Each structure stands twice: as structure tokens, then as C-alpha cells.
Amino acid sequence: MTLDEVLRTVVAHVPYLAASTRIHNDERDWVACDVLVNEPSKLAAIVRGTAAGFGTDDDAVAASLFTEAYAFRVAGAALAAFSLDLPVPAVGPAAVAVRIDNPRPSAVAYLSNTVSTPHATALASALVDTHFRPFIAAVHREFQLGERNLWGNVAAACAVAFRAVESSGADRSAVRARADAFFDACGPTFAGLGAFTVVGKGGYDGWYWDRASCCLWFRTTDSSFCDNCSLLERTELDDRRVREVAEPGEPD
């Protein structure tokens, strides 16, 4: 199976996980991921440039939200492919680029034609250890934000990708099992950052991610909380999910 075939299959399940396989030199919004990982001044300038679009003048808030959006774009299609038992694109920083606009990382390009069918451990190593670990370290060095907060955003972004496929008509039990395998393979890096929860009601069930940290979205001009925010009262969260499960719809 080629990279193009993999990405077409993914987007057929989840349209907003569309990914490119190339970028053009004149497309200024695109930036190579290895530049963000290896050039601190470039990373800092790009993150600060997104602050107003996120609705904040706080660099730490911008860095938190940028990190979660970045992780979702980099990991989204790759984890979707894994959850569907398809070959997975190369995800090292040198093989990936993201487009920065509106104001966050809004699209991804996998620049290597190589695809592989990795075990969960190999995928966790390539995505989390090889790509996200140096990225998180770079963000942490440039901004006053704890590493566990940043890793919590990465874990939540990965969970969103799995949940998107799980609700797409795919084999739900298989997707959940692959998600569990991936998170287990991430080991101590993801330990304590959150967990999947199943909520049942009236013959339906929903699969949710419970965060253990906050992305700081409530500190933007939007002033709202994410659907799985760790700051929400547990009873409020549970009641909302029971209502959603009783009336199946889009994932939160």
C-alpha cells in the first residue's frame, strides 16, 4: 500500500485528518518540523506569532495551545492509519512539515514516501521519542510552561485522533484496542496524563479521554473550557457524557 493510498483511506473515514505528501517552496505558511525542533529562535517567533489568533497575549498560553494543535496535526493521520491497521507514514521531524495559519498548525505533510506497519512500540518510539520529545524540550526551554502540561496536550491530541476513527464507522473494539496498545507503549511518558473512559446509556456507549491537565484555553478571550478539561467538575462531565451517549452524535 502506498502513502497516497493510506492517506486516502484515512480521509475516507475522517475527512478532517486529510494530509499532503508534498509542499511547494512558494507556500510560505509551511514550516519543516525539524526547523521547529532544532531552531529555537524560529520556534519562539512562530509560537508568539500565533498568540493574537488564539486570543491571548500570554506566551505560555500560546505555547500550550500551539503544542496541542501541533501534536494533533503531526500525529493525527499517522495514528488514524495505525488504528485502521494500515501502514503508517514516516513521522520523524525531518519527514514532516506543518502549515501555520488561522493561527495554529492547520495541516500536515508527510514528505517521505516510506510507509511501514509498525508494532505499537515502534510507532511510539518514532512519534513520541524521536519527534515529540525534542519538540517538547524545545518549547519548554523557550517558554515558562511545565513539561507535564505540554505532554498532557500531546496525549490528549493523540487520543482525539483515535476517537475520531472510533466514531467513523470503523471496528470500534479494534480501534480501542490499538489505542490502548499505543498508550501502553508510550510508557512513563504518558503515565498519569489521562485515561480512556467508557460511558454507557440506553444500549449505547461512548469512549472518552479524561485529561489530568489543562491546556489553558480558558485563559484566552474565549474564556471557555474544553469538553474534557481537568478543571470541570466530575459530576458535570459525567452528566454531559451520559446525555451525549443517549443521543449519539459527533465526538467532543
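Residues numbered from 1 in each chain as written. Predicted model: local features only at pLDDT ≥ 70, side-chain atom pairs only at ≥ 80, totals over all residues. Heavy atoms only, no water.

Visitor: How should the pattern of salt bridges be read in this particular structure?
Guide: Should the charged atoms of two oppositely charged side chains come close, the side chains can pair. Tallying each qualifying case throughout the model produces 10 salt bridges. Across the pair Arg211 and Glu68 runs a salt bridge whose closest N-O atoms are separated by 3.1 Å. A residue pair is termed long-range when its members are at least 10 positions apart, and Arg211 in strand 7 (residues 204-211) and Glu68 in helix 4 (residues 59-83) qualify at 143 residues. By the burial criterion, Arg211 is buried, and Glu68 matches it. Note that Arg176 is salt-bridged to Glu166, the shortest N-O span being 2.8 Å. (Salt bridge = Lys/Arg side-chain N within 4 Å of Asp/Glu carboxyl O. Helix = DSSP H or I, 4+ residues; strand = E, 2+ residues; numbered from the N terminus. Buried < 20%, exposed > 50% of the residue type's maximum accessible area, 1.4 Å probe, protein only.)

Visitor: Could you clarify how one ought to interpret the packing of aromatic side chains in this entry?
Guide: Here a ring pair, both rings aromatic, is described through the centre-centre distance and the interplanar angle of the planes. Enumeration over the complete set of coordinates arrives at 13 aromatic pairs. Their ring planes at 15° and their centres at 6.2 Å tell us that Phe66 and Tyr70 sit as a pair that is stacked. Here Phe66 and its partner Tyr70 are both found in helix 4, four residues apart, which amounts to about one turn of the helix. Judged by its relative accessible area of 0%, Tyr70 falls in the buried class. Seen from the ring of Phe82, Arg178 lies directly overhead, with NZ or CZ sitting 4.9 Å from the centre. (Phe/Tyr/Trp six-rings, centres within 6.5 Å; stacked < 30°, edge-to-face > 60°. Lys NZ or Arg CZ within 6 Å of the ring centre and 35° of its normal.)

Visitor: Before we go on, may I ask you to explain the environment of Arg163 in this structure?
Guide: Following the sequence through the fold, Arg163 ends up in helix 6 (residues 147-166). A residue is classified by how much of its surface remains accessible, and Arg163, at 10% relative accessible area, is buried. Here the alpha-carbon distance between Arg163 and Trp207, two residues 44 residues apart in the chain, equals 7.2 Å. Among the polar contacts made by the side chain of Arg163, one reaches the main-chain carbonyl oxygen of Trp207 at a distance of 2.6 Å. (Polar contact = N/O pair within 3.5 Å; in protein donor to acceptor, adjacent residues only side chain to side chain.)

Visitor: Just to check I follow, could you spell out the pairing of strand 7 for this structure?
Guide: In the case of a regular strand, side chains alternate between the two sheet surfaces. Within strand 7, six of the eight residues are buried, which leaves it mostly tucked inside the rest of the structure. Across eight bridges, the pairing between strand 6 (residues 194-201) and strand 7 is antiparallel. Counted as the bridge partner of Gly200 is Asp205 from strand 7. Linking strand 6 back to strand 7 in an antiparallel pair, the connection comprises two residues, with Gly202 at a positive phi of about 55°. (Pairing = 2+ DSSP bridges.)

Visitor: I'm lost on the environment of Ser20 in this one. Help?
Guide: Mapped onto the elements, Ser20 comes out in the loop between helix 1 (3-13) and strand 1 (30-32). Residues Ser20 and Leu3 lie 17 residues apart in sequence; the distance between their C-alpha atoms is 9.8 Å. For Ser20, the residues in contact, after removing those within four places along its chain, are Leu7, Trp30, Val108, Ala109 and Tyr110. (Contact = heavy atoms within 4.5 Å.)

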